[in-house]
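# Architecture at a glance
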Amino acid sequence: MRESQVAETTPALKAWLAGAEQKRPRRGDLVMGTIVALDAEGAWVDIGTKSEGFVPPSEMLTLGRHWQAKPGDEVQLYVLRADDDSPVVLSLDRAWRHRGWQELEAHYESGEPIEAEACDFNRGGLIVDCHGLSGFVPLSQIAGNPSQDGLALRLGDRLKLKVLKLNRGRRQIILSERAALHHLKEQQRKALLADLKPGEVRRGRVSGVHSFGLFVDLGGIDGLVPASEISWAEDNHNQASPKPGEELDVYIMKVDQACGRVVLSLRRTQPHPWETIAHRYQEGQLVTGTITKLVDFGAFARIDGGIEGLVHISELAERRISHPKEVVQRGEALTLKILSIEPQRRRLRLSLRQAQWGG
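This section reports on the structure supplied with the text. (Residues numbered from 1 in each chain as written. Predicted model: local features only at pLDDT ≥ 70, side-chain atom pairs only at ≥ 80, totals over all residues. Heavy atoms only, no water.)

Our next topic: the packing of aromatic side chains. This model, assessed by the stated rule, comprises three aromatic pairs. Ring geometry for Trp44 versus Phe54: centroids 4.8 Å apart, planes at 45°, classification tilted. Note that Trp44 is positioned in strand β2 (residues 42-46) and Phe54 in strand β3 (residues 53-55), a separation of 10 residues in sequence. On the basis of relative accessible area, Trp44 is assigned to the partly exposed category, the value being 37%. Residue Phe54 is classed as partly exposed on the basis of its relative accessible area, which comes to 21%. Taking the centre distance of 6.0 Å and the plane angle of 80° together, the rings of Phe212 and Phe215 count as edge-to-face. When the ring centre of Phe300 is taken as reference, the NZ or CZ atom of Lys293 above it lies at 5.1 Å. (Phe/Tyr/Trp six-rings, centres within 6.5 Å; stacked < 30°, edge-to-face > 60°. Helix = DSSP H or I, 4+ residues; strand = E, 2+ residues; numbered from the N terminus. Buried < 20%, exposed > 50% of the residue type's maximum accessible area, 1.4 Å probe, protein only. Lys NZ or Arg CZ within 6 Å of the ring centre and 35° of its normal.)

Applying the stated criterion across every chain yields a total of 21 salt bridges. Close ionic contact of Glu115 with Lys160 constitutes a salt bridge, the shortest N to O distance being 3.7 Å. Of the two residues, Glu115 sits in strand β6 (residues 114-122) while Lys160 sits in strand β9 (residues 158-167), which places them 45 residues apart along the sequence. Residue classification places Lys160 among the partly exposed positions, given a relative accessible area of 42%. The closest approach of N and O atoms between Glu247 and Arg205, which form a salt bridge, is 2.7 Å. In this pair, Glu247 sits in strand β14 (residues 247-256) while Arg205 sits in strand β11 (residues 201-210), placing the two residues 42 residues apart along the sequence. For Glu247, a relative accessible area of 40% gives the class partly exposed. (Salt bridge = Lys/Arg side-chain N within 4 Å of Asp/Glu carboxyl O.)

Another aspect to go through is the nonpolar core. Judged by nonpolar contacts, the single largest core of 22 residues is most densely connected at Leu336, Leu348 and Leu350. Where this core is concerned, the elements lending two or more residues are α5 (273-280), β16 (286-295), β17 (298-304), β18 (307-312), β19 (333-342) and β20 (347-351). With four residues, the top contributor of residues to this core is β19. Leave out the neighbours within four places in its chain, and Leu350 touches Ala301, Ile303, Gly309, Leu310, Val311, His312, Glu315, Leu336, Lys337, Ile338 and Leu339. Grouped together as the second largest cluster of nonpolar side chains are 18 residues, Val31, Val55, Val75 and Val79 included. (Core = buried A, V, L, I, M, F, W, Y, C linked by side-chain atoms within 4.5 Å. Contact = heavy atoms within 4.5 Å.)

Here we take up unusual backbone geometry. A negative phi holds for most residues other than glycine; trans holds for most peptide bonds. Positive phi, normally seen in glycine, also occurs at Arg171, with a value near 55°. When you line up the elements, Arg171 lands in the loop between β9 and β10 (172-176). Looking at Arg171, the relative accessible area reads 71%, which means it is exposed.

Take the side chain of Arg154 next. Here Arg154 shows up in the loop between α3 (148-153) and β9. A relative accessible area of 17% places Arg154 in the buried class. Ignoring any residue separated from it by four or fewer positions in sequence, one finds Arg154 in contact with Ala118, Leu126, Ile142, Ala143, Leu159 and Glu177.

Moving on, we get to α5. Regarding α5, the residues found buried are Pro273, Trp274 and Ile277. For α5, the arc enclosing every buried residue in end-on projection is 80°, short of the 170-degree limit, so these residues lie on one face. Exposed residues pointing more than 90 degrees away from the buried face of α5 are listed as Glu275, Ala278 and His279. (Arc of directions from axis to C-beta.)

Here helix α4 (residues 177-195) contains 19 residues, and its C-alpha end-to-end distance of 27 Å stays within 8% of the 27 Å for a straight helix at 1.5 Å per residue. By the burial criterion, the buried members of α4 are Glu177, Ala180, His183, Leu192 and Leu193. Looking at the buried positions of α4, the neighbouring elements they touch are β8 (133-138), β9, β10, β11, β14 and β15 (261-265). Its side-chain oxygen 3.4 Å from the backbone nitrogen of Arg178, Ser176 forms the N-cap of α4. (Expected span 1.5 Å × (residues − 1). Polar contact = N/O pair within 3.5 Å; in protein donor to acceptor, adjacent residues only side chain to side chain.)

The strand order around the closed barrel built from five strands is β16-β17-β18-β20-β19, with neighbouring strands paired in mixed fashion. With direction set aside, neighbouring strand axes in the sheet form an average angle of 50°. Here six bridges tie β17 to β18, and the two strands are oriented antiparallel to one another. Across the sheet, Asp304 pairs through a bridge with Ile307, a residue of β18. Packing of α5 onto the sheet brings it into contact with β17, β18, β19 and β20, and relative to β18 it is tilted by some 65°. (Pairing = 2+ DSSP bridges. Axes fitted to C-alpha atoms, helices over the stretch in contact; angles between N-to-C directions.)

As a further point, take the side chain of Arg267. Among the secondary structure elements, Arg267 is positioned in the loop between β15 and α5. What makes Arg267 buried here is its relative accessible area of 18%. When near neighbours in sequence (up to four residues on either side) are disregarded, Arg267 contacts Ser228, Glu229, Ile230, Ser231 and Trp232.

Just distances and angles here, no functional claims.
Written out as structure tokens, the structure is:
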């Protein structure tokens, strides 16, 4: 009989013990509560105590300006006063600012940019609102080096900012738009670098022209086209070089993730001249060729960007000669006759004798 009485009273006993153990919040505590009523007179919030807590209108200024709330919503609150004989007085604004400090500290540790609204300015820079906290962006840290008139135009803008310095005791928050933009560009650069794959063809814009090659902007990363990869011609000096700002397709040869370097090719976006020679030239055709090299058995002449043919010593003149220099010189442009084309072996036989004297 006694055991059944204990069993019947146990739930009630547990409830009494739970209420007895519940501690009344103290000033400075952060508590969670559910909004019961909300109007111009303030807010009543259930925080688990015997009576509901009260939020004065002066402590809920962030409502409507930074965030929205309605009866039934769960919110975090800061305890302003907790006397035994009166309702607990709470603040939504201070809890909001507390979360702001927490978020700022998290962004400071991670280095990730934070978003804030420009709400005022002075001679030194912009004043921004970071979750109810006042932060400062020095003039030197604002993108574009704006004038005083330029600062006024930024009011109301949502800015991406990097936290440079925090001092909670002094309520000091220093931020930088320049550093945030640099961070975002670096993140985009890393993402693009990870996305690039050797063998792909990408569209880019020429950002620099130098004797050693071209730099091409792929949308955040500058890749290098070495001089040897600009065209199929061995000598690029006489070739038309792309101009800064010109858009073109480039072939990705190599991506070095560790160093952040990309090697590109312009010529590999086009077929090699040997692959199309049969469509452009035929045996017996007269062409203009430039002598590129003299050897004991003849002279080599270039008739196209990447195609050179041999003019055998016997095809240089009607008479017998002992060395090609007796007839031609390096760099000389001559009319030559195509004797044979072998695309597979990349061989081209030419004749100066037959072009000039017939054969």
